[in-house]
Amino acid sequence: FKIIKFKHPPLRIPDIQNNEYKLDDFEYVPQPLALQITENDVKNMAPQLHGSGGPTSLDSSLLSDLLLQYGSSSVILRNEMALWTEWLANESPPWAAYRATMA
């Protein structure tokens, strides 16, 4: 028990009044670069999917098949997935958009 206490010292409470843990102020903060997701990115990612189905029972193998095995329909789905991914990564969509994807 003494070894555990030695390795885990008591919790420190930060002194908010004196800004003891305040981060440095920067004159210039660059804007993050926007992600660009293409249909080809989705095509390359599809074989690497893994995991089980969630509430919709769409598991990784089914999604991978839908993205790769159905010709022009798969291309349309890949383009749509790329647009959605880019939108979710670069914007701040309303909560209703997230709810719609889970419906």
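Before any of the text, the structure's been laid out above.
Residues numbered from 1 in each chain as written. Predicted model: local features only at pLDDT ≥ 70, side-chain atom pairs only at ≥ 80, totals over all residues. Heavy atoms only, no water.

1. Details of the overall build of the chain
Consideration 1: When its secondary structure is counted, the chain shows five helices and zero strands.
Consideration 2: Its helices and strands in sequence order give the chain the pattern α-α-α-α-α, from N to C terminus.
Consideration 3: Taking 2.2 N^0.38 as the reference for a compact globule, 103 residues should give roughly 13 Å; the C-alpha atoms of the chain span a radius of gyration of 23 Å, well beyond that estimate.
Consideration 4: Taken along the three principal axes of its C-alpha coordinates, the chain extends 60 × 45 × 25 Å.
Consideration 5: Counting across all 103 residues of the chain, residues that qualify as buried make up 11%.
Consideration 6: Total accessible area computed for the chain in this model is approximately 9,400 Å², and 59% of it derives from carbon and sulfur atoms.
Consideration 7: If the 8 positive side-chain charges of the chain are averaged to one point and the 12 negative ones to another, these points end up 16 Å apart. (Helix = DSSP H or I, 4+ residues; strand = E, 2+ residues; numbered from the N terminus. Rg over C-alpha atoms; globule rule 2.2 N^0.38 Å. Buried < 20%, exposed > 50% of the residue type's maximum accessible area, 1.4 Å probe, protein only. Areas by Shrake-Rupley, 256 points an atom, 1.4 Å probe, with all protein chains shown as cover. Lys, Arg positive; Asp, Glu negative; His and termini not counted. Charge placed at Lys NZ, Arg CZ, Asp CG, Glu CD.)

2. Focus on the nonpolar core
Consideration 1: Counting residues in hydrophobic clusters, the biggest one holds five residues: Val42, Ala46, Leu63, Leu67 and Ala82.
Consideration 2: Setting aside residues no more than four positions away along its own chain, Leu63 makes contact with Leu49 and Leu58. (Core = buried A, V, L, I, M, F, W, Y, C linked by side-chain atoms within 4.5 Å. Contact = heavy atoms within 4.5 Å.)

3. A look at the side chain of Ser64
Consideration 1: As for its placement among the helices and strands, Ser64 is situated in helix α3 (residues 60-68).
Consideration 2: With residues near it in sequence (within four places) discarded, Ser64 still touches Ala46, Pro47 and Leu49.

4. Digging into the layout of surface pockets
Consideration 1: Its boundaries defined by the atoms lining it, the largest pocket holds a volume of some 180 Å³.
Consideration 2: Lining of the largest pocket is provided by 13 residues; of these, Met45, Leu49, Ser60, Leu63 and Met81 occupy positions nearest its centre.
Consideration 3: Residue assignment for the lining of the largest pocket shows that the elements contributing at least two residues are α2 (39-45), α3 and α4 (71-90).
Consideration 4: Residues belonging to the lining of the largest pocket are distributed by class as follows: seven nonpolar, five polar and one charged. (1 Å grid on protein atoms, 1.4 Å probe; cavity = no way out; pocket = protein on both sides within 12 Å on 5 of 7 lines; lining within 4 Å. Points joined across faces, edges and corners; volume = space filled by probe spheres on them. Nonpolar A, V, L, I, M, F, W, Y, C, P; charged D, E, K, R; others polar.)

5. Considerations on the packing of aromatic side chains
How two aromatic rings sit relative to each other is given by the distance of their centres and the angle of their planes.
Consideration 1: What the rule picks out here adds up to two aromatic pairs.
Consideration 2: Seen in terms of ring centroids, Trp84 and Trp87 are 5.4 Å apart; in terms of plane orientation they differ by 80 degrees. Their pairing is edge-to-face. Separated by three residues within a single helix, Trp84 and Trp87 lie in helix α4, roughly one turn from each other. (Phe/Tyr/Trp six-rings, centres within 6.5 Å; stacked < 30°, edge-to-face > 60°.)

6. A closer look at α4
Side chains that are three or four residues apart share a direction in an α-helix, a result of its 3.6 residues per turn.
Consideration 1: Its 20 residues give α4 an end-to-end C-alpha distance of 29 Å, which sits within 8% of 28 Å, the value for a rise of 1.5 Å per residue.
Consideration 2: For α4, the secondary structure elements touched by its buried residues are α2 and α3. (Expected span 1.5 Å × (residues − 1).)

7. Comments concerning the side chain of Ser60
Consideration 1: Mapped onto the secondary structure, Ser60 falls in helix α3.
Consideration 2: What makes Ser60 buried here is its relative accessible area of 16%.
Consideration 3: If near-sequence neighbours (up to four positions away) are discounted, Ser60 is found in contact with Leu49, His50 and Gly51.

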